[in-house]
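# Working through the structure, step by step
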Amino acid sequence: MFKELKKGDNRLYQAARGTSDILPEEQPYWRYVEQAAADISRLYGYRRIDTPIFEDTGLFRRGTGEYTDIVQKETYTFDDRGGNSLTLKAEGTPPVCRAYIQHGLQNLPQPVKLYYISPIFRYDRPQAGRYRQHYQFGYEAIGDADPAIDAEVIDMAWRFYRSLGLARISLQLNSIGCRQCRPGYLSALTDYYNSYAGELCNDCKTRLEKNPLRLLDCKQPSCQRIAESAPKNTGYLCPECDEHFNKVQEYLGQMGTTFELNHRLVRGLDYYTRTVFEIQPDEEGGAQSALGGGGRYDDLIEELGGRPTPGIGFAAGIERIILNLKKEGVAVPATPGLQVLIAYLGDAARAEAIKLAAGLREAGISAVTTTGGKSLKAQMRQANSLEVRYTVIIGEDEVKDGTATLRDMANASQETLTIGEVAARLS
Ligand code: HAM
């Protein structure tokens, strides 16, 4: 349904609910986080991958999981003009696994380490830190089951946040077992919850039927109390999963990465096996505020039609990182501003100004001329509001002499140069 356009209504169209414009003032935060993401990826040997914004709907149904909140309630799914059902990228992991299978990356030395920075679309209820389009920095290490890679992936996430300057965060860790041992745990969990069935919230009543693991991370206080005394997954791990989880903790200890065991951490996606982890800010608890999360997915590639291949990965929500950078008062480097404004008076000077601007840009100096025949005073005001470092003034006298006045805006000092000297002087 389209809105009717009424004349004079300049607020008719707004960014769709749950989406936002990233205005120039906000960009330094984004560049800062993206640079940190690229730097940490290089340090741990990850290479960039970009996958399309939409995929075959089946990829998320099979990959993310039919009974997850994401697939049940949050995907943006539509038919294209050819009648194919497509879904906007609802998370980054299934597309990367699809690409791994499609391009035969199992033939490369394993693990294949890939990272991405991508918009993600989820029809969520918008609130602070929760949007319908958000951005993730994510990475996946595919093709290695060794617990050492779990520890490395977790350590990388931790060091990423620390490198950004975030200090008030914690790392939560759990293991949710594998195909062999999880059924035993699920039946213990279901038995336990059945005795509280009457006290559960409506969502949890459905979870008890469809996805009992998710009972543990319900946000309702009454359900949280029940979850506290629920049987712990780690007590039901098979010897292989138990050994794997012990090794992950041992290696993290050796790397000096501090973590907290959290038996209620289960994550909201169906593909996880064994290790799961999240980075939480200290101030607010709960999955609502997770700064990032990830885990192992040893059955996912096979589920998507590839050869059985283990994998593990992580993704961070960039908007939530920026909210926390601001909360913690972390200063980010400013984007370099415009260096030079060229002010002029009269048509002959205007031609010189245009030529000079072109010459300065040629020399790598950012420069603009004013436009619209303003007074010198108005042009200087413009220079101030643009916060340029230098103003070059070309008036009628200067045109006659082939000179220009160079004004240093920091201390208001001026000097007269020939036009030909300006670029060299500024370089
Ligand atoms: P996820 O926990 O669904 O995991 O999302 C990762 C992070 O994205 C969250 O911790 C949060 O910071 C951010 N996030 C999620 N939803 C929103 C939203 N609606 N608005 C703002 N930020 C949000 C995944 O997507 C997995 N693919 C991670 C992974 C990679 N597991 C293995 N490899």
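Turning our attention to the side chain of Glu 140. Position of Glu 140 relative to the elements: it lies in strand β6 (residues 133–142). Buried charge without a salt bridge: Glu 140, with Arg 267 as the nearest opposite-charge side chain at an N-O distance of 9.1 Å. In this structure the side chain of Glu 140 is engaged in a polar contact, spanning 2.7 Å, whose partner is the side chain of Tyr 297. Beyond its immediate sequence surroundings of up to four residues, Glu 140 is in contact with Tyr 46, Thr 93, Val 96, Val 112, Lys 113, Leu 114, Tyr 116, Tyr 297, Ile 312, Gly 313 and Phe 314.

Attention now goes to the domain arrangement of the protein chain. Each domain of the protein chain was delimited in the assignment, giving domain 1 (24–181 + 237–327) and domain 2 (340–426). One C-alpha centre belongs to domain 1, the other to domain 2; they are set 51 Å apart.

We now examine helix α4 (residues 93–102). Among the 10 residues in α4, 7 count as buried, and that is most of the element. If you check which residues of α4 are buried, you get Thr 93, Pro 94, Pro 95, Val 96, Cys 97, Ala 99 and Tyr 100. Residues of α4 that are buried make contact with β2 (54–56), α2 (57–63), β5 (112–121), β6 and α10 (300–303). Phi turns positive, to about 60°, at Gly 104, one or two residues after α4.

With that settled, consider the packing of aromatic side chains. A complete count under the given rule lists 16 aromatic pairs for this structure. On the basis of an interplanar angle of 50° and a centroid distance of 5.1 Å, the ring pair of Tyr 192 and Tyr 196 is categorised as tilted. A residue is classified by how much of its surface remains accessible, and Tyr 192, at 15% relative accessible area, is buried. For Tyr 196, a relative accessible area of 27% corresponds to the partly exposed category. By way of ring pairs, the aromatic residues Tyr 46, Tyr 115, Phe 137, Tyr 139, Phe 160, Tyr 161, Phe 277 and Phe 314 are connected into one cluster. The ring of Tyr 123 is capped by Arg 132, whose NZ or CZ atom sits 3.9 Å from the centre of that ring. In this structure, Lys 326 packs its charged tip against the face of Tyr 29, placed 5.0 Å from the ring centre.

Let's shift gears to helix α15 (residues 419–426). Listed in full, the buried residues belonging to α15 are Ile 419, Val 422, Ala 423 and Leu 426. Seen along its axis, α15 keeps its buried residues to an arc of 85°; they face one direction. The exposed set on the far side of α15, more than 90 degrees from its buried face, consists of Gly 420 and Ala 424.

A few words now on the sheet that holds β2. Read across the sheet, 3 strands follow the order β2-β4-β3 without closing on themselves; strand pairing throughout is antiparallel. Of all the strands in the sheet, the pair left with one neighbour each is β2 and β3 (77–79). Across the sheet, the mean angle from the axis of one strand to that of its neighbour is 35°, orientation sign disregarded. Pairing analysis gives 3 bridges linking β3 to strand β4 (residues 85–88), with the strands arranged antiparallel. Along β4, the bridge assignment pairs Asp 79 with Ser 85.

Take Glu 55: it is sitting in strand β2. With residues near it in sequence (within four places) discarded, Glu 55 still touches Phe 60, Ser 85, Leu 86, Thr 87, Pro 95 and Arg 98.

Parameters and conventions
Residues numbered from 1 in each chain as written. Predicted model: local features only at pLDDT ≥ 70, side-chain atom pairs only at ≥ 80, totals over all residues. Heavy atoms only, no water. Helix = DSSP H or I, 4+ residues; strand = E, 2+ residues; numbered from the N terminus. Buried < 20%, exposed > 50% of the residue type's maximum accessible area, 1.4 Å probe, protein only. Lys, Arg positive; Asp, Glu negative; His and termini not counted. Salt bridge = Lys/Arg side-chain N within 4 Å of Asp/Glu carboxyl O. Polar contact = N/O pair within 3.5 Å; in protein donor to acceptor, adjacent residues only side chain to side chain. Contact = heavy atoms within 4.5 Å. Domains from an automatic or database assignment. Phe/Tyr/Trp six-rings, centres within 6.5 Å; stacked < 30°, edge-to-face > 60°. Lys NZ or Arg CZ within 6 Å of the ring centre and 35° of its normal. Arc of directions from axis to C-beta. Pairing = 2+ DSSP bridges. Axes fitted to C-alpha atoms, helices over the stretch in contact; angles between N-to-C directions.

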